[in-house]
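# Structure assessment
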Amino acid sequence: MSRKLLDLWVGFFVVVGFTALLFLALRVANLSGESFAETYTLSAKFDNIGGLKVRGPVKSSGVVVGRVSEISFDAQAYEAVVKLTIDGRYQFPKDTFASILTSGILGEQYIGLDAGGDERMLKSGDVVAKTQSAVVLEKLIGQFMFNKASETPGEK
Amino acid sequence: MADKELVAVLGLMRAIGHVLNNWLQRLGFAARFFAMVLLYSGQSFRRLHLTIREIYFSGFQSLLIIVVSGLFIGMVLGMQGYETLQRYGSADALGVLVALSLTRELGPVVAALLFASRAGSSITAEIGLMKATEQLTAMDMMAVNPIARVVAPKFWGGVISMPLLAALFSAVGVFGGYLVGVVLIGVDEGAFWSQMQGSVDFRYDVWNGVIKSFVFGVAVSLIAVFEGYDAVPTAEGVSASIKRTVVYSALAILALDFVLTSFMFRGL
């Protein structure tokens, strides 16, 4: 086989291989859509983050507006410190409320942002003051059982 | 009586020692051979057409088997995944299941197994026959280093082809899963892609798969060229070498896969 034809087929092979890789990157892993063009960082402190994971979504009104970029533990205050990377297109007021929610009953956990009414906006590096921790299902069930048991049969 | 038993035990120990000795010797030679291949691989990049020719034989000619197998594995995954997921009412997650299993595991592993039996065995056969017909010795006589001229290009051809084939396998597999899941069964197309894109991470899932397939490529290519170079130069010896290439490659791929997976995917 002539060298030109050989080069042609190998070139074809390499192009096909890299196209496949590109397909995996762009269509399957959505590399382009994941990274927001401009971002800013907020942090929030929670008593309990439940099963929140790094790279978990940050949603406001159900729309993904950012990602959880880092989770660490503050040994002084005994609180979890969560760093949020928020899409630069979206600004939130100073008194925004951050809570850890669960999609579905057993779904993944995410951070929900409820905008407040303040006129000043959160800037990069700010701390979201008002937070609500994750609801731990075991605690909830425990409380429910406890309440049920303390009800005296006669009251019903 | 006791003497007889002693002789039998000694004979057994001698046999075990012999096997172990041979095995260690081969392993040592394989390591030395690997170092020599790396040392002499300069030429396979300076005279690139040697390597390109090998990429043609081991990469391009494996395209058909890789594409067809990938498509069918993806379609089976789509079918089985749907059957299981719909029991829990989460058929929308079909895309995630198909994409993750292909990019993380099935793509690199099955492509490497196919590559070992399709390309690895033919590399071994070619080098083994060159040795049996004394072409390698003839090269040596003409002051052409057979490792630089024959072995290293085949090795690098395999190493370069393998990740591309694995990526193609995964991509075609995802398309097969799409065909069965969305076109045939009727899972919602938007949910299929968006859930997949939401859960598949490029660096964590796709790139780790590429690293895996690169490691498999090195392992399979090395085993193939080594078994060819080390073949007993008879018809029987070459056939035994080809058999060993396929068996050792498969074992090496699966063992390496376990090791790599335990390093890469520990669940953070």
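Residues numbered from 1 in each chain as written. Chains lettered and ligands numbered in written order. Predicted model: local features only at pLDDT ≥ 70, side-chain atom pairs only at ≥ 80, totals over all residues.

### Considering the overall build of chain A
Basically, it comes down to this: A run of H or I in DSSP counts as a helix once it spans at least four residues, and a run of E counts as a strand once it spans at least two, with each numbered from the N terminus. Once C-beta atoms are placed from the backbone, each residue is buried if 20 or more other C-beta atoms lie within 10 Å of its own, exposed if 12 or fewer, and partly exposed for counts between those two.
Broken down by element type, chain A carries 3 helices and 8 strands. Starting at the N terminus and ending at the C terminus, chain A contains elements arranged as α-α-β-β-β-β-β-β-β-β-α. Out of the 156 residues belonging to chain A, those deemed buried represent 22%.

### Some words on the overall build of chain B
Where we set the bar: Two residues form a contact once the distance between their C-beta atoms, set from the backbone, is within 7 Å.
When you go through chain B residue by residue, the secondary structure sums to 10 helices and 0 strands. Helices and strands appear in chain B in the N-to-C order α-α-α-α-α-α-α-α-α-α. Considered along the principal axes of its C-alpha atoms, chain B spans approximately 70 × 65 × 35 Å. Relative to its 268 residues, chain B shows a buried fraction of 44%. In chain B, the proportion of contacts linking residues at least 24 apart, taken out of those at least 6 apart, comes to 87%.

### With respect to the environment of Phe34(B)
Residues and elements named next belong to chain B. By the element assignment, Phe-34 lies in helix α1 (residues 2-39). Classification of Phe-34 as partly exposed rests on a count of 15 C-beta atoms within 10 Å. Along the sequence, Phe-34 and Leu-251 sit 217 residues apart, while their C-alpha atoms lie 19 Å from each other.

### Considering the pairing of strand β3 (residues 63-74) of chain A
In regular strands, side chains alternate between the two faces of the sheet. Residues and elements named next belong to chain A. Selection criterion: Any two strands are treated as partners once DSSP identifies two or more bridges connecting them.
In terms of strand pairing, strand β2 (residues 57-60) meets β3 through 4 bridges, oriented antiparallel. Residue pairing for β3: Lys-59 is matched across the bridge by Val-64. Taking the residues between adjacent antiparallel strands as the criterion, β2 and β3 are bridged by 2 residues, where Ser-61 takes a positive phi near 50 degrees. Sheet topology places β3 next to strand β4 (residues 79-87); 8 bridges connect them, and they run antiparallel.

### Here's the deal with the packing of α1(B) against helix α9 (residues 202-229) of chain B
All names here are of chain B. For the record, the criterion: Think of each axis as a best-fit line through the C-alpha atoms, taken over the contacting stretch in the case of a helix, with angles from 0 to 180 degrees between the N-to-C directions. An angle below 35 degrees is treated as roughly parallel, one above 145 as roughly antiparallel, one from 65 to 115 as roughly perpendicular, and anything else as oblique. Side-chain classes are defined by residue name, with Ala, Val, Leu, Ile, Met, Phe, Trp, Tyr, Cys and Pro counting as nonpolar, Asp, Glu, Lys and Arg as charged, and the others, Gly among them, as polar.
Axis separation between α1 and α9 bottoms out at 11 Å; the angle between their running directions is 110 degrees. Regarding the angle of α1 to α9, the classification is roughly perpendicular. Mapping the contact onto sequence places Ala-30, Phe-33, Phe-34 and Val-37 in α1 and Leu-222, Val-225, Phe-226 and Tyr-229 in α9. In the contact of α1 with α9, the residues fall into 8 nonpolar, no polar and no charged.

### Side note on the interface of chain B and chain A
Contacts between the two partners involve 25 residues from chain B and, on the opposite side, 21 residues from chain A. Secondary structure elements with two or more residues in the side of chain B that touches chain A: α3 (48-58), α5 (94-132), α7 (146-185), α8 (189-199) and α9 of chain B. In terms of residue count, α7(B) provides more of the side of chain B that touches chain A than any other element does, 7 residues in total. Class assignment for the residues of the side of chain B that touches chain A results in 17 nonpolar, 5 polar and 3 charged.

### Structural notes on the domain arrangement of chain A
We count it as follows: In this entry, domain limits derive from an automatic or database-based domain assignment.
By the assigned domains, chain A splits into domain 1 (1-35) and domain 2 (36-136). A separation of 39 Å is found between the C-alpha centroids of domain 1 of chain A and domain 2 of chain A.

### Things to note about helix α4 (residues 63-85) of chain B
To keep it simple, the criterion reads: Given a helix with a known number of residues, its expected span is that number minus one, times 1.5 Å.
Between its terminal C-alpha atoms α4(B) stretches 32 Å, which fits the 33 Å expected from 23 residues at 1.5 Å a residue. Residues of α4(B) that are buried in the fold lie against α5 and α7 of chain B.

### Thoughts on the environment of Ile49(A)
All names here are of chain A. Inspection of the secondary structure puts Ile-49 in the loop between β1 (39-46) and β2. Look at Ile-49 and you get buried, because 23 C-beta atoms sit within 10 Å. Sequence-wise, Ile-49 and Ser-99 are 50 residues apart; in three dimensions their C-alpha atoms are separated by 9.3 Å. Ignoring sequence-local partners within four residues, the contact set of Ile-49 consists of Ile-71, Ala-80, Val-82, Ile-100 and Ala-134.

### With respect to the sheet that holds strand β8 (residues 130-132) of chain A
The pairing of strands in a sheet comes from backbone hydrogen bonds and takes either a parallel or an antiparallel form. Pairing is mixed in the open sheet, where 8 strands are placed in the order β7-β1-β4-β3-β2-β6-β5-β8 (chain A). This sheet does not close on itself; its edge strands, each paired only once, are β7 (127-128) and β8 of chain A.

### Some thoughts on unusual backbone geometry
The bulk of non-glycine residues show a negative phi, and the bulk of peptide bonds are trans. All names here are of chain B. Even without being a glycine, Glu-134 presents a positive backbone phi close to 60 degrees. Along the chain, Glu-134 falls in the loop between α5 and α6 (135-141). Although it is not a glycine, Ala-143 sits at a positive phi angle of roughly 60 degrees. Along the polypeptide, Ala-143 turns up in the loop between α6 and α7.

### Thoughts on the nonpolar core
The line we're drawing: What we call a nonpolar core is a set of buried Ala, Val, Leu, Ile, Met, Phe, Trp, Tyr and Cys residues whose membership is set by joining through C-beta atoms within 7 Å.
Counting residues in each nonpolar core, the largest one holds 76 residues, and the members touching the most others are Ala112(B), Leu168(B), Val220(B) and Val225(B). Counting only elements with at least two residues in this core, the list comes to α1 (3-28) of chain A together with α3, α4, α5, α7, α8 and α9 of chain B. Take this core: its biggest share by element is 20 residues, from α7(B). With residues up to four places along the chain from it excluded, the contact list for Ala112(B) reads Met162(B), Ala166(B), Ser213(B), Phe216(B), Val220(B) and Ile253(B).

### Thoughts on the confidence of the model for chain B
For clarity, the threshold we go by: Across the chain, each position has a pLDDT score giving the predictor's confidence in that residue, from 0 to 100.
Taken residue by residue, chain B gives an average pLDDT of 91. The fraction at 70 or more is 99%. With pTM at 0.77, the complex prediction returns an ipTM value of 0.83.

### Regarding the packing of α7(B) against α9(B)
The axes of two packed helices give the description: the angle between them and the distance between them. All names here are of chain B. Which entries qualify depends on this criterion: Whether a crossing is left-handed or right-handed is set by the direction in which the near helix is turned from the far one by less than a right angle, anticlockwise for left-handed and clockwise for right-handed.
Where α7 contacts α9, the axes come no closer than 8 Å and their chain directions differ by 145 degrees. Note that α7 runs across α9; the crossing there is right-handed. Along the lines of polarity and charge, the residues of the contact of α7 with α9 split into 16 nonpolar, 6 polar and 1 charged.

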